[in-house]
Amino acid sequence: MLINRFVLNRERLILYCDWAIIAFLCFLIFCLPFSKAGIESFVWPAIFIWILKRVLGFKSSSLCGMLTRTQLNRVLGVFIVANVLSVIFSTNFGLSLRAFFGKELKFLAIYFMLVEVINTWERLKSVLIVIIASAVLVTADALVQYFRGVDFLRGYYWNRLTASFSTGAGFAGWLIVVIPLILGMLLTGKVVGRRSKTLLMMLTVLLFTCLLGTYARGAWLGFIMSVVLTIGYVFKGLDLRIKLLYSFVAIGVLSIFLVLPQSLKVKATSLGRIDFKAGQTINARIKSTARLGEGSILIRFKLWKENLKIIRDHSFIGCGLILIQS
C-alpha cells in the first residue's frame, strides 16, 4: 500500500514537473524576440526541474535513461564530440569552455526538454499558440517602429525594420523560422478554427511584409527555400508534379511581393495620408547583390577569406568556440 502510494505521488510530481517545464519553455519562446534577460531567467529553472525529474526517478528511453531517443541523437553526439575536441585545442581555452557549457549544452538541453515534454497534441498546440501570440506582439512592434520611428519594446530607431531585434538580419532570421510554422498551421488547419484562419492569414501577410522591410537578401532566399520545403512536407502524399506546381505558384506570389510594395508606396504617398519612410527599395536591394566591390557584400567576402585561412590553419578541430555576450 505504501509502495503504491509512493509510486503514485512520484508520478504526480513528475507530471507537475512536466507542466512546469512547459510553462517555462512557453515563457522563453514568447520572450525570445525581445528579452534576452527573460530567456536566461526561464531556461535555467526549466533545466533545474528537468534534472529534478531524474532525481525523482524518471527514466527516458536512451543513454542510461537520461535523454529521449530521437533520430538526431547520433548526429548530435558527433556534434558534441567535435565541439569537445575544439574546446580542448582552443586558442582560448577559458572562453571556449564557457561557450560550451553556457551555450552549446544549454541549447542541447532545450532540444531534449522539448522532445520529452511536448509529447501530445494538446501540449504542442499550447506552444504554437504562444508562438502566434509572440508573433502578434512583434508585428505590432515593427509597425510602430515603421510609422513612429522607434519600436516600443526595446526603443530601437528605424533604419530598416528591426522591431525588437538589434539588427534587421536578426529580425529576418526569426521571421524565416516563424512564418513557415504559421503557414503550416494554415495549411493543416489543426491549430486554429475556420474563424481564426482569416486573422492568421493577415498575420502571415504582415510578417512577410516585415521580412521584406528588413532588406535581408539572404533571409529572402532562405524563406523561399523554407516555403518550398514546407509545401513539400505538408503535401507529401501528393504527386511530384502537383508539389512542383504549388512551389512555382508560391514563388510567383513571393516575386509579386518584391515589386508590389514600392508601387503601393507611390500611390499612398501621393494621397498624402501615409508618411512612408524613405528607406531603400526592395528592387534596389536585390540589384545591389551584383555589386561585389562595395557595401556588405565586400565585408562578407573579407570575412569568408579570413574563415578560409582559419580552416587552412585548423582544418580538423577548429580553433575553439566563441561566446557572444548578450
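Scroll up for the structure.
Residues numbered from 1 in each chain as written. Predicted model: local features only at pLDDT ≥ 70, side-chain atom pairs only at ≥ 80, totals over all residues. Heavy atoms only, no water.

Our next topic: the overall build of the protein. Per the secondary structure count, the protein includes eleven helices and zero strands. For the protein, the sequential pattern of α-helices and β-strands runs α-α-α-α-α-α-α-α-α-α-α. Buried residues in the protein amount to 36% of all 326 residues. Long-range pairs, those at least 24 residues apart, make up 62% of the contacts in the protein with a sequence separation of at least 6. Accessible surface, the protein: about 20,100 Å² in total, of which carbon and sulfur atoms supply 70%. (Helix = DSSP H or I, 4+ residues; strand = E, 2+ residues; numbered from the N terminus. Buried < 20%, exposed > 50% of the residue type's maximum accessible area, 1.4 Å probe, protein only. Contact = heavy atoms within 4.5 Å. Areas by Shrake-Rupley, 256 points an atom, 1.4 Å probe, with all protein chains shown as cover.)

With the rule as written, the count across this model stands at six salt bridges. Note that Lys-53 and Glu-116 form a salt bridge whose closest N and O atoms lie 2.5 Å from each other. Here the residue Lys-53 occupies a position in helix H2 (residues 36–55), and Glu-116 occupies one in helix H4 (residues 93–117), the gap between them amounting to 63 residues. The same class applies to Lys-53 as to Glu-116, namely buried. The structure contains a network of salt bridges with shared partners spanning Asp-18, Lys-53, Arg-54, Glu-116 and Arg-123. (Salt bridge = Lys/Arg side-chain N within 4 Å of Asp/Glu carboxyl O.)

Once that is clear, we can look at a nonpolar patch on the surface. A cluster of nonpolar side chains, contributed by Val-81, Val-84, Leu-85, Ile-88 and Phe-89, occupies part of the molecular surface with about 430 Å² of accessible area. By secondary structure assignment, the location of Val-81 is in helix H3 (residues 73–88). (Patch = residues over 30% accessible without salt bridge, like charges linked within 9 Å, V, L, I, M, F, W, Y side chains within 5 Å.)

Turning to the packing of aromatic side chains, a few remarks are in order. What the rule picks out here adds up to eleven aromatic pairs. Ring plane angle 20° and centroid distance 5.1 Å describe the contact between Phe-27 and Phe-42, whose orientation is recorded as stacked. Placement of Phe-27 in helix H1 (residues 2–31) and of Phe-42 in helix H2 is noted, with a sequence separation of 15 residues between them. Its relative accessible area of 46% is what places Phe-27 among the partly exposed residues. Here Phe-165 and Phe-171 contribute two aromatic rings whose centre-to-centre distance is 5.7 Å and whose plane-to-plane angle is 20°, an arrangement assigned as stacked. Cluster of aromatic residues (ring-pair linked, three or more members): Phe-24, Phe-27 and Phe-42. Over the aromatic face of Trp-19 sits the side chain of Arg-123, whose NZ or CZ is 5.0 Å from the ring centroid. (Phe/Tyr/Trp six-rings, centres within 6.5 Å; stacked < 30°, edge-to-face > 60°. Lys NZ or Arg CZ within 6 Å of the ring centre and 35° of its normal.)

Given a rise of 1.5 Å per residue, 18 residues ought to cover 26 Å, and the 26 Å separating the end C-alpha atoms of helix H8 (residues 217–234) matches this to within 8%. Considered for burial, the residues of H8 that qualify are Arg-217, Ala-219, Trp-220, Phe-223, Ser-226, Val-227, Thr-230 and Ile-231. (Expected span 1.5 Å × (residues − 1).)

Along the polypeptide, Phe-112 turns up in helix H4. A sequence separation of 45 residues divides Phe-112 from Leu-67, and the C-alpha atoms of the two residues are 6.7 Å apart. Here Phe-112 is in contact with Trp-50, Leu-67, Thr-68, Asn-73 and Leu-76, once residues within four sequence places are set aside.

This paragraph deals with the environment of Ser-196. As for its position among the elements, Ser-196 is in helix H7 (residues 194–213). By relative accessible area, Ser-196 is classed as partly exposed at 33%. C-alpha of Ser-196 to C-alpha of Leu-186: the two residues are ten residues apart in sequence and 9.6 Å apart in space.

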